[in-house]
Amino acid sequence: MELSDLIANIELGIQTMGLSEHEASADENGQWILLKDEMPVYIDAWKDEQSSPWNYFIYQQDPTVFQITIPFCYGPTLKRNEFLEELLVVNLNLMFGKFSYNSKDNVVVLSQRLPGSAFSPVDLGKVIDALAYYAEMSYHVLKDEFSLKRVHAN
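Residues numbered from 1 in each chain as written. Predicted model: local features only at pLDDT ≥ 70, side-chain atom pairs only at ≥ 80, totals over all residues. Heavy atoms only, no water.

Student: Help me understand the pairing of strand β3 (residues 64–74), please; the structure alone is not making it clear to me.
Tutor: For a regular strand, side-chain orientation follows a simple rule: the groups alternate between the two sheet faces. In terms of burial, β3 is largely enclosed, as ten of its eleven residues are buried. Relative to β3, strand β2 (residues 39–47) runs antiparallel, the two being bridged by six bridges. What sits directly across from Ala45, in β3, is Phe66. Both β3 and strand β5 (residues 107–115) contribute to a ladder of nine bridges, which runs antiparallel. Bridged to Cys73 within β5 is Val108. Sheet topology note: the β3/strand β6 (residues 149–150) ladder contains two bridges and is antiparallel. Note on β6: the bridge partner recorded for Cys73 is Arg150. (Buried < 20%, exposed > 50% of the residue type's maximum accessible area, 1.4 Å probe, protein only. Helix = DSSP H or I, 4+ residues; strand = E, 2+ residues; numbered from the N terminus. Pairing = 2+ DSSP bridges.)

This is the structure we're talking about:
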């Protein structure tokens, strides 16, 4: 798939949700920012320039990548390992996404990453709803035990 086709498909998905892709566009081509229940939703599209051990099996057929990321919370100061272990267990049950941890920014996110050819514009709203649901539910279930702090849109 060509990157321009993936970008057009994402813009169609944003329009299908009743939003304007121009209002959602970020500074860079292939980047969008939406809000879902006061949570930032980052959507990215790009073309990998080289294969890695993590994408070798699809790279030759489709080097384009679709990614959606919803920052969930900041990593806890206390009991961090227990918290991250809990998220790994919960990952097994999630549909449409996974928890990930960015140690550089100390942020836990819910995300979905697909080859560009696997992206479906009609599924964008459903995926955002699912990831936002998981973020909200997980925050309320785990906030007291791990003293979690939310990530809010600026």
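Student: In this structure, what is going on with the pattern of salt bridges? I would like to understand it.
Tutor: Working definition: two side chains of opposite charge can pair if their charged atoms are close together. Within this structure, the stated rule accounts for three salt bridges. A salt bridge links Asp129 to Lys36, with the nearest nitrogen and oxygen atoms 2.8 Å apart. Of the two residues, Asp129 sits in helix α5 (residues 124–146) while Lys36 sits in strand β1 (residues 31–36), which places them 93 residues apart along the sequence. Among the residues examined, Asp129 registers a relative accessible area of 41% and is labelled partly exposed. Put simply, Lys126 and Asp123 hold a salt bridge, and the shortest N to O gap is 3.4 Å. Judged by its relative accessible area of 43%, Lys126 is partly exposed. Exposure remark for Asp123: the relative accessible area of 29% places this residue in the partly exposed category. (Salt bridge = Lys/Arg side-chain N within 4 Å of Asp/Glu carboxyl O.)

Student: Looking at this structure, I do not really get the pairing of strand β4 (residues 98–102). What am I missing?
Tutor: Relative to β5, β4 runs antiparallel, the two being bridged by five bridges. Counted as the bridge partner of Ser100 is Val109 from β5. Joining the antiparallel neighbours β4 and β5 is a turn of four residues, in which Asn106 adopts a positive phi near 55 degrees.

Student: What is the right way to read unusual backbone geometry from this model?
Tutor: Peptide bonds are, in most cases, trans, and in most cases residues other than glycine have a negative phi. Of note, Lys79 is a non-glycine position whose phi angle comes to about 55 degrees, a positive value. As for its position among the elements, Lys79 is in the loop between β3 and α4 (80–91). For Lys79, a relative accessible area of 39% translates into the label partly exposed. With a phi close to 50 degrees, Ser147 is a non-glycine residue in the positive phi region. Within the secondary structure layout, Ser147 lies in the loop between α5 and β6.

Student: I keep staring at a nonpolar patch on the surface and nothing clicks. Help me out?
Tutor: On the surface, a cluster of nonpolar side chains totalling about 310 Å² of accessible area is made up of Tyr133, Met137 and Val141. Within the fold, Met137 resides in helix α5. (Patch = residues over 30% accessible without salt bridge, like charges linked within 9 Å, V, L, I, M, F, W, Y side chains within 5 Å. Areas by Shrake-Rupley, 256 points an atom, 1.4 Å probe, with all protein chains shown as cover.)

Student: Quick question: what am I supposed to make of α5 here?
Tutor: Helical geometry: 3.6 residues make up each α-helical turn, so side chains three or four residues apart lie on a common side. Over its 23 residues, α5 extends 31 Å from the first C-alpha to the last, a length consistent with the 33 Å expected when each residue adds 1.5 Å. Along α5, the helix axis deviates most sharply at His140, where the bend reaches about 35 degrees. One or two positions beyond α5, positive phi appears at Ser147, with a value near 50 degrees. (Expected span 1.5 Å × (residues − 1). Bend = angle between axes of the 7 residues up to and from the residue.)

Purely geometric numbers; function is a separate question.
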